[in-house]
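# Summary of structural features
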Amino acid sequence: MAGLALPTLAAMLAPHVLTALFFLVVFSLNTQAHSPIALLRKPDSFTGLFMLWQMAGIPLIVTISAMVAGLDLTVTAILIAITTAGSVFASPALVQVIGLNRQIAVRGMIISTCVMPASLLVFGEINGVLPLDLNFLEYGIHICKFIVVPIIISTLFWKWRARMTASTAHTLQRGMHWASTAALMVFCAGMMQEIHTHKVNHFDDLVFYAAIALTMAIMMYSLTVAVFYRYGPDRAMTAGILVANRNVALSFALLSSVFPPEVMTFVAVSQFPIFLTPFFIRLFNTFRPNAADGTVTE
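Just so it is clear, the structure is predicted and the values come from calculations on it, not from any experiment. (Residues numbered from 1 in each chain as written. Predicted model: local features only at pLDDT ≥ 70, side-chain atom pairs only at ≥ 80, totals over all residues. Heavy atoms only, no water.)

When pLDDT is averaged along the protein, the result is 84, and 87% of the positions lie at 70 or above. Per-element confidence in the protein is highest for helix H5 (residues 45-69), whose mean pLDDT is 95, and lowest for helix H1 (residues 2-5), whose mean pLDDT is 61. Under a pLDDT of 50 for its full length, residues 291-298 has, in the predicted model, 18 contacts with residues more than four places off or in other chains. (pLDDT = per-residue confidence, 0-100. Helix = DSSP H or I, 4+ residues; strand = E, 2+ residues; numbered from the N terminus. Contact = heavy atoms within 4.5 Å.)

Glancing now at the packing of aromatic side chains. The description of an aromatic ring pair rests on the distance of the ring centres and on the angle between the ring planes. Taken as a whole, this structure holds 10 aromatic pairs when the rule is applied. With a centroid separation of 6.3 Å and an interplanar angle of 85°, the aromatic rings of Tyr209 and Phe266 are classed as edge-to-face. Note that Tyr209 is positioned in helix H11 (residues 203-228) and Phe266 in helix H14 (residues 261-287), a separation of 57 residues in sequence. Here Tyr209 falls in the buried class, since its relative accessible area comes to 5%. Judged by its relative accessible area of 1%, Phe266 falls in the buried class. An aromatic cluster is built from Phe46, Phe50, Trp53, Phe228 and Tyr231, whose rings are joined through pairwise contacts. (Phe/Tyr/Trp six-rings, centres within 6.5 Å; stacked < 30°, edge-to-face > 60°. Buried < 20%, exposed > 50% of the residue type's maximum accessible area, 1.4 Å probe, protein only.)

This next bit is on a nonpolar patch on the surface. Taken together, Leu60, Ile64 and Val68 make up a surface patch of nonpolar side chains, about 310 Å² in accessible area. Within the secondary structure layout, Val68 lies in helix H5. (Patch = residues over 30% accessible without salt bridge, like charges linked within 9 Å, V, L, I, M, F, W, Y side chains within 5 Å. Areas by Shrake-Rupley, 256 points an atom, 1.4 Å probe, with all protein chains shown as cover. Salt bridge = Lys/Arg side-chain N within 4 Å of Asp/Glu carboxyl O.)

Let's shift gears to the packing of helix H7 (residues 91-98) against helix H8 (residues 102-126). Contact pair H7 / H8: the axes reach a minimum separation of 8 Å and the direction vectors enclose 160°. On the basis of the axis angle, H7 is roughly antiparallel to H8. Like other packed secondary-structure pairs, H7 and H8 cross with a definite hand, here right-handed. Residues Pro92, Ala93, Val95 and Gln96 of H7 lie in contact with H8, whose contacting residues are Arg102, Ala105, Val106 and Met109. When grouped by side-chain class, the residues that make up the contact of H7 with H8 number 6 nonpolar, 1 polar and 1 charged. (Axes fitted to C-alpha atoms, helices over the stretch in contact; angles between N-to-C directions. Parallel < 35°, antiparallel > 145°, perpendicular 65-115°, else oblique. Left-handed = near helix turned anticlockwise from the far one by under 90°. Nonpolar A, V, L, I, M, F, W, Y, C, P; charged D, E, K, R; others polar.)

This part covers the packing of helix H6 (residues 73-83) against H11. The description of two packed helices rests on the angle between their axes and on the distance between the axes. In contact at an axis separation of 11 Å, H6 and H11 are set at 40° when each is read in the N-to-C sense. Considering their axes alone, H6 and H11 lie oblique with respect to each other. Classified by chirality, the crossing of H11 by H6 is right-handed. Two secondary-structure elements touch here, H6 through Thr74, Val75, Ile78, Leu79, Ile82 and Thr83 and H11 through Phe208, Tyr209, Ile212, Met216 and Met220. Grouping the constituent residues of the contact of H6 with H11 by class yields 9 nonpolar, 2 polar and no charged.

This part covers the environment of Val149. Within the secondary structure, Val149 sits in helix H9 (residues 136-161). Here Val149 falls in the partly exposed class, since its relative accessible area comes to 32%. Residues Val149 and Val25, spaced 124 residues apart in sequence, show a C-alpha to C-alpha distance of 9.7 Å. Discounting residues that sit within four places of it in the chain, Val149 has contacts with Phe22 and Cys144.

Once that is clear, we can look at H5. Helix length check: H5 (25 residues) gives 34 Å between terminal C-alpha atoms against 36 Å at 1.5 Å per residue, within 8%. In H5, a bend of some 35° at Gln54 exceeds every other bend along the element. Listing the buried residues of H5 in full gives Phe46, Thr47, Phe50, Met51, Trp53, Gln54, Met55, Ile58, Pro59, Val62, Thr63 and Ala66. Those residues of H5 that are buried are in contact with H6, H8, H11 and helix H12 (233-244). (Expected span 1.5 Å × (residues − 1). Bend = angle between axes of the 7 residues up to and from the residue.)

Across all of its chains, the model carries 1 salt bridge by this definition. The salt bridge involving Asp44 is made with Arg107; its shortest N-O contact spans 2.5 Å. Residue Asp44 is found in the loop between helix H4 (36-40) and H5, and its partner Arg107 is found in helix H8; the two are separated by 63 residues along the sequence. According to the relative accessible area criterion, Asp44 is buried, its value standing at 18%. Judged by relative accessible area, which is 2%, Arg107 ranks as buried.

Rendered as structure tokens:
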């Protein structure tokens with residue numbers, strides 16, 4: 001909100017949003033309750049199924065719908081950026097607030113983040129969002145910067161953490177949590193510059209982008225819960241939260257030089273539904289009878 005209320009602050013931080021995003025990815029991976037890599041060594045069929053649905057099924061549905069409806073390139077690019085993005089790094093925390101399975105959420109968040117470059121490339125090319133002569137070297141560099149390098153750093157950190165005393169590890173992780181929050185604040189405040197720039201002549205577009213973000217989140221959540229309800233309501237809701245809350249900023253970071261500029265404006269607007277999600281989840285949890293305590297087992 002500070003970036004929205006203070007245009008000067010937003011303009012000052014805008015050049016640093018991608019750097020802040022890099023540190024946000026690194027610190028977010030290091031502040032999970034378990035080592036992300038360790039969780040990936042314990043695969044489960046349910047996570048595999050809803051990852052296939054999240055990273056291929058939904059983008060395919062959107063691709064077919066966009067072609068049938070004849071959507072323009074800008075809207076199609078926004079929809080592809082949404083539906084091929086990995087889950088937001090806060091997804092495990094959101095899941096735990098409701099009392100669902102955090103381990104599945106962490107695993108799904110990591111897998112979807114790793115798979116998103118392939119999903120984005122395939123469906124971006126199919127929909128004509130990406131040029132046929134895409135610079136794969138530049139794309140690969142962005143993948144390394146925002147995904148591969150943070151995962152390597154996280155892996156080394158967890159190996160180092162295993163040698164620490166419990167109190168030292170707790171203090172360090174707490175510091176990283178605050179660093180992650182600071183990076184998130186810099187990113188969000190800087191992204192508000194897009195809104196300040198765009199609202200002068202195109203305020204209607206901002207309302208339209210907000211409607212897209214909210215509508216897509218509701219649709220993806222509802223459809224996912226319906227598809228996976230036979231696995232039990234708790235697992236279905238876990239999948240729904242991960243599928244509905246997408247890290248669109250990371251999609252843009254991977255292809256910032258290729259996406260239409262409107263996509264960056266959408267990324268800025270989409271931050272509001274993302275940050276309102278914890279409020280609605282806590283409200284839901286308040287009225288949910290016999291809510292679990294976050295220790296649901298697989």
